[in-house]
Structures are given as structure tokens and as C-alpha cells.
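A closer look at the structure
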Amino acid sequence: MDWETLEKQCADCTACPLHKTRTNCVFGVGNRNAELMLVGEAPGEQEDLSGTPFVGRAGQLLDKFLLAVGIPRENVYIANILKCRPPQNRDPQPDEEDACIGYLREQVRLIRPRVIVCLGRVSAMRLIKPDFRITKEHGEWFEKGSYLMTAVYHPAYLLRDPRKKEDMLTDMKRIREKLEEMREKEA
Ligand code: SF4
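Residues numbered from 1 in each chain as written. Predicted model: local features only at pLDDT ≥ 70, side-chain atom pairs only at ≥ 80, totals over all residues. Heavy atoms only, no water.

1. Some points on the overall build of the protein
Rules: Starting at the N terminus, helices and strands are each numbered in turn, a helix being any DSSP run of H or I of at least four residues and a strand any DSSP run of E of at least two. For a compact globule the rule gives 2.2 Å times the number of residues to the power 0.38, and the radius of gyration it is set against comes from C-alpha atoms. Partly exposed residues are those whose accessible area sits between 20% and 50% of the maximum for their type, while under 20% is buried and over 50% is exposed, using a 1.4 Å probe and protein chains only. Residue contacts follow a heavy-atom distance rule, with two residues in contact if any of their heavy atoms lie within 4.5 Å. Only the protein chains shown count as cover for residues, and all accessible areas are computed by the Shrake-Rupley method using a 1.4 Å probe.
The number of helices and strands found in the protein is eight helices and six strands. N-terminal to C-terminal, the α/β element order of the protein is α-β-β-α-α-β-α-β-α-α-β-β-α-α. The C-alpha radius of gyration of the protein comes to 16 Å, within 12% of the 16 Å expected for a compact globule of 187 residues. A buried classification covers 49% of the 187 residues belonging to the protein. Here the contacts in the protein between residues at least 6 apart in sequence split such that 72% fall between residues at least 24 apart. Counting only carbon and sulfur atoms, one obtains 47% of the accessible surface of the protein, whose full area is about 9,700 Å².

2. Side note on the side chain of H154
To be explicit about the condition: Counting of polar contacts relies on pairs of N or O atoms within 3.5 Å, with two restrictions inside protein: one atom must be capable of donating a hydrogen and the other of accepting it, and residues adjacent in sequence are counted only when both atoms are side-chain atoms.
As for its placement among the helices and strands, H154 is situated in the loop between strand 6 (147-152) and helix 7 (155-160). Reaching out from H154, the side chain makes a polar contact with the backbone nitrogen of A156 at a distance of 2.9 Å. Not counting residues within four places of it along the chain, the set of residues in contact with H154 comprises E41, F54, L119 and G120.

3. Description of the environment of P113
Residue position: P113 is located in the loop between helix 4 (94-111) and strand 4 (115-119). Given a relative accessible area of 4%, P113 falls into the buried group. Through-space distance from the C-alpha of P113 to that of N33 is 7.3 Å; in sequence the pair is 80 residues apart.

4. Regarding the site of the ligand
Cut-off, in case you're wondering: The near set for a molecule or strand comprises every residue that places at least one heavy atom within 4 Å of it. Under the grouping applied here, Gly and all other residues not named as nonpolar or charged are polar, the nonpolar ones being Ala, Val, Leu, Ile, Met, Phe, Trp, Tyr, Cys and Pro and the charged ones Asp, Glu, Lys and Arg.
The ligand sits among C13, A15, C16, H19, R22, K83, C84, A99, C100 and Y103. For the shell around the ligand, the class distribution of residues is seven nonpolar, one polar and two charged.

5. Things to note about the layout of surface pockets
Where empty space is left can be seen by rolling a probe of water-molecule size over the atoms. Put simply, the rule is: Put simply, the grid is 1 Å and covers the protein atoms alone, a cavity is a trapped set of points that fit a 1.4 Å probe, a pocket is an open set with protein on both sides within 12 Å along at least five of seven lines, and lining residues have an atom within 4 Å of a point. Grid points are joined across faces, edges and corners, and a volume is the space filled by probe spheres set on the points.
Taken as a whole, the largest pocket holds about 700 Å³ of empty space. E41, H154, A156, Y157 and R160 are the residues nearest the centre of the largest pocket, which is lined by 27 residues in total. Where the lining of the largest pocket is concerned, the elements lending two or more residues are helix 2 (45-50), helix 3 (57-68), helix 5 (121-127) and helix 7. Here the residues of the lining of the largest pocket sort into 11 nonpolar, eight polar and eight charged. Within this model, the second largest pocket holds a volume of roughly 220 Å³. If you trace the second largest pocket, you find it lined by I101, L104, R105, V108, I116, R126, L127, K144 and M149. Elements that contribute at least two residues to the lining of the second largest pocket include exactly helix 4 and helix 5. Among the elements that make up the lining of the second largest pocket, the one with the highest residue count is helix 4 (four residues).

Have a look at this one:
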């Protein structure tokens, strides 16, 4: 499937009840040839209104971390597991994730990134392993098929607990180093 067809299917999707309350389907944004793909859990209010992922306060904080470690946001692709906002920003439900995950799979297949980074616990539990513990396992590397994956704290969590920002900076630096390492190996 090509990008245009996938995006259109997503915009018209009624596969789970979240389509009834969405303003916009939040498909994803960024470089479609990205080495690095960031995957959060679901759109929030600002994202639902704008149709773009990670544009609210959490998104601005994410931008700061990307900038701080020298990864331009234009070089990454950002998406969520759910493309429509759950009411009151509650956690995604398993049946909603099951209904929506196909869009993300296609996005990954089209981009073929070197590294996939889960933003937060919900994304890591879905994409890395069901018993993922974000406080213990953030920043660790996992191989899943042909992809290298890791998870970092969700930026919304860092807004609530700024003490974790140091860990986030360390993890983000390691991600940049890993990308450099992979490029050097190929050179
Ligand atoms: Fe479709 Fe996903 Fe939106 Fe549910 S959340 S309606 S599966 S696009």
C-alpha cells in the first residue's frame, strides 16, 4: 500500500468507537525516509484538534530533547499506536489497539527505520513486550525482527515528574550514538 492510500484509509476509518469522538484522525508526521521512528500511545487534545502528533506541551518538550541531543525533528517520523484520541486522554484499550495497529505496521513497513523508539509505557508494552517496565527498562535495546527498539519516558510523564528528565537526556543521547554507530558500520 502507498502513503496516500494508507492516509486516506486512516482518515475514513471507523474500525473502533474512537472515530465517533475524534475531531481529526492523527495519522503521523515527519520524514518518510527517517532512520528514527518515534511511537507514542495516542493523540491528546491539541493533537486531535490539529491532526498532528506531539504538538502540545509534551510535544514541545520532546522537541527540546531532540534538539538537545542533535537530532533534528525533520529527520524523524512520529506517530502513535492509536490514531484517534481516547476520551479524556484515558489509556488506549486493547481492542482499540488491535483495531488500529495495522496502520502503524504499514507506516513502519513503508519507512523501514533503523531504530524505533517507544515513547512511554503503553507503547513499549504493545511494541516491545507486554510486561515492559518503563522505570527499569527505559533505554535498554531490544531486537524485534529486523528492527532495533528501545523505550524512553513519555514526555507527558516528564512534565508531571521532571526528576526523570536526566534519564531522558541520557537515553536520547544513547539513541543518537546508536544511530551514528549504525551509520559508521555501513560506511
Ligand atoms: Fe480507526 Fe484507529 Fe481511529 Fe479506531 S483509533 S477509528 S482503528 S483510526
